[in-house]
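Close look at the chain arrangement
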Amino acid sequence: GGVLDSLPSFSPDGTKIVYETSGVQASNPEGDGEVYVMNSLDGTSKRNLSNNGGGISEGNPIFSPGGQKIAYTSQGQQTSNPEADQEIYAMNALDGTGQRNLSNNGSNIHDYHQVFSPDGQKIAYVSSGTQTSNPEGDGEVYVMNALDGAAKKNLSNNGSNIYESAPVFSASGQKIAYESNGAQT
């Protein structure tokens, strides 16, 4: 029973903290995972940004480098995600409006571990599940446009039973480091 706050991330200017919270509270009567933002100085002005109703769980929020957008994961059946798989979304950081499913890769495909490029133009992420660009269905590192999710590209396609995760951009945005697990040559 209680409220669990986790996965905090500062805004680029340090004035806000975005985080995931779950548990029944006035601003989240269903108690599912939601994305909240608050003032970093004193924790005031807590606001539920994602509040999409029961059975839909949002989390793992991060600010864009400019602080205008928040990327997060959402799982559960909704108009923008009829398959209910874990997808990567973006929304306006100020008030949670403009929620948009960026990854939307179809049934039984899960997208997560999103990270913005330093210029905010791209999002690297992990996608698992059988798809044309990943016939083995294991975790692979992808990149897509941060604005609309277009130009998705599998960057790590290393073969069967090799799982990649935790992508991170270099400071220049030209390279991506990631974890890889599985026998390979």
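Described in the following lines is the structure provided in the data block. (Residues numbered from 1 in each chain as written. Predicted model: local features only at pLDDT ≥ 70, side-chain atom pairs only at ≥ 80, totals over all residues. Heavy atoms only, no water.)

1. Some remarks on the overall build of the chain
For clarity, the cut-off: In this text, helices come from DSSP runs of H or I with a minimum length of four residues, and strands from runs of E with a minimum of two, each type numbered from the N-terminal end. Only the C-alpha atoms count toward the radius of gyration. The rule for a globule is 2.2 Å times the residue count to the power 0.38. Burial classes: relative accessible area under 20% of the type maximum marks a residue as buried, over 50% as exposed, and values in between as partly exposed (1.4 Å probe, protein chains only). Note on contacts: a residue pair qualifies if any of its non-hydrogen atoms lie within 4.5 Å across the two residues. Residue burial considers only the protein chains on display, and all accessible areas are found by Shrake-Rupley using a 1.4 Å probe. As used throughout, the charge tally considers Lys and Arg to be positive and Asp and Glu to be negative, leaving His and the chain termini uncounted. Charge coordinates come from a single atom per side chain, which is NZ of Lys, CZ of Arg, CG of Asp or CD of Glu.
The helix and strand tally for the chain stands at zero helices and 14 strands. Mapped in sequence order, the helices and strands of the chain form the string β-β-β-β-β-β-β-β-β-β-β-β-β-β. Relative to the globule expectation of 16 Å for 185 residues, the C-alpha radius of gyration of the chain, 16 Å, shows essentially globular dimensions. Across its three principal axes, the chain shows a C-alpha extent of roughly 50 × 35 × 30 Å. When each of the 185 residues of the chain is scored for burial, the buried share is 45%. In the chain, 32% of the contacts between residues at least 6 apart in sequence involve partners at least 24 apart. Carbon and sulfur atoms provide 50% of the accessible area of the chain, an area that totals close to 9,100 Å². For the chain, the distance from the average position of its 9 positive side-chain charges to the average position of its 20 negative side-chain charges is 10 Å.

2. Examining the pairing of strand β1 (residues 4–10)
Stated formally: Here, any two strands with at least 2 DSSP bridges between them count as paired.
Pairing of β1 with strand β2 (residues 16–22) involves five bridges; the strand directions are antiparallel. Bridge pairing in β2 links serine 6 to glutamate 20.

3. Digging into the sheet that holds strand β10 (residues 122–128)
A sheet is described by the order of its strands in space; here four strands give the open sequence β9-β10-β11-β12, paired in antiparallel fashion. Unpaired on one side and paired on the other, β9 (110–116) and β12 (153–154) mark the two borders of the sheet. When strand β11 (residues 140–145) meets β12, the two strands line up antiparallel, connected through two bridges. Bridging across to β12, tyrosine 142 finds its partner in asparagine 154.

4. Some points on the pairing of strand β6 (residues 69–75)
Extensive coverage of β6 is indicated by the burial of five of its seven residues. Bridging between strand β5 (residues 57–63) and β6 involves five bridges; their strand directions are antiparallel. By the bridge assignment, glutamate 58 is partnered in β6 with serine 74. Between β5 and β6, which pair antiparallel and follow one another directly, the connecting turn spans five residues, one of which, glycine 67, has a positive phi of 80°. Pairing analysis gives six bridges linking β6 to strand β7 (residues 87–92), with the strands arranged antiparallel. Counterpart to alanine 71 in the pairing with β7 is alanine 90.

In short, geometric facts, not functional conclusions.
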